[in-house]
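Below, each chain spelled out in residue letters.
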Amino acid sequence: MSNTAVPAVEGWFTITDQPCLLGTRCTACGTVFFPRASGFCRNPDCRGRQLEEVELSRTGKVWSYTDAQYQPPPPYIPPSEMHEPFALAAVELAEEQVVILGQVAKGFGVDDLSVGATVELVVEPLYELDGVEHLIYRWKPVAP
Ligand SMILES: [Zn+2]
């Protein structure tokens, strides 16, 4: 990884050896949101207006997965053409039990995934622009 690296999306995840997603949690009902919500709780049964930033679980279980047939929506689209096929996984976070969609780590595909399998969060380069590496979070299968 080069010295100049920035998140492709600001504020969605941390860039460390143990990266994690950043979400918000309602102080009233405890519901966790990702990407971060602000202003008010999205839980229709809650009137909470206080959301605190939380670091989410680094691991989760595969809830569903697919081979991407289409280009994914922003922020996953790199400015250059994407030639490599990739897999998408919907992962239920270990603690929060929120399902979060993400690409599967480089070098892994649908053959490496199964429902219920454990994956961990990694941060990998998405594309390079003017010598600056833009990073995105991905789900990496963990050997059983
Ligand atoms: Zn709430």
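Residues numbered from 1 in each chain as written. Predicted model: local features only at pLDDT ≥ 70, side-chain atom pairs only at ≥ 80, totals over all residues. Heavy atoms only, no water.

Caption draft 1: Quick look at the coordination of the zinc ion. Donor atoms from the polypeptide that bind the zinc ion are C26 (SG), C29 (SG), C41 (SG) and C46 (SG), placed at 2.2 to 2.3 Å. The site at the zinc ion holds four donor atoms, and with the angles between them running 106 to 112°, its shape is tetrahedral. Coordination of the zinc ion draws on donor residues from a single chain, spaced C-x2-C-x11-C-x4-C in sequence. Taken together, the residues span a long stretch of sequence, with C26 in strand β2 (residues 22-26) and C46 in the loop between β3 (32-33) and β4 (51-55) at a distance of 20 residues. (Donors = N, O, S within 2.8 Å, 3.2 Å for Na, K, Ca; no water. Tetrahedral: all angles 85-135°; square planar, octahedral: opposite > 155°, others 65-115°. Helix = DSSP H or I, 4+ residues; strand = E, 2+ residues; numbered from the N terminus.)

Caption draft 2: Looking closely at unusual backbone geometry. Going from F34 to P35, the amide bond is cis rather than trans, its omega being -5°. Looking at the element boundaries, P35 is found in the loop between β3 and β4. Phi at Q97 is positive, roughly 60°, even though this residue is not glycine. With respect to the helices and strands, the residue Q97 is situated in the loop between β6 (87-93) and β7 (99-104). The backbone of D130 sits at a positive phi, close to 50°, despite the residue not being glycine. Relative to the helices and strands, D130 resides in the loop between β8 (118-129) and β9 (132-141).

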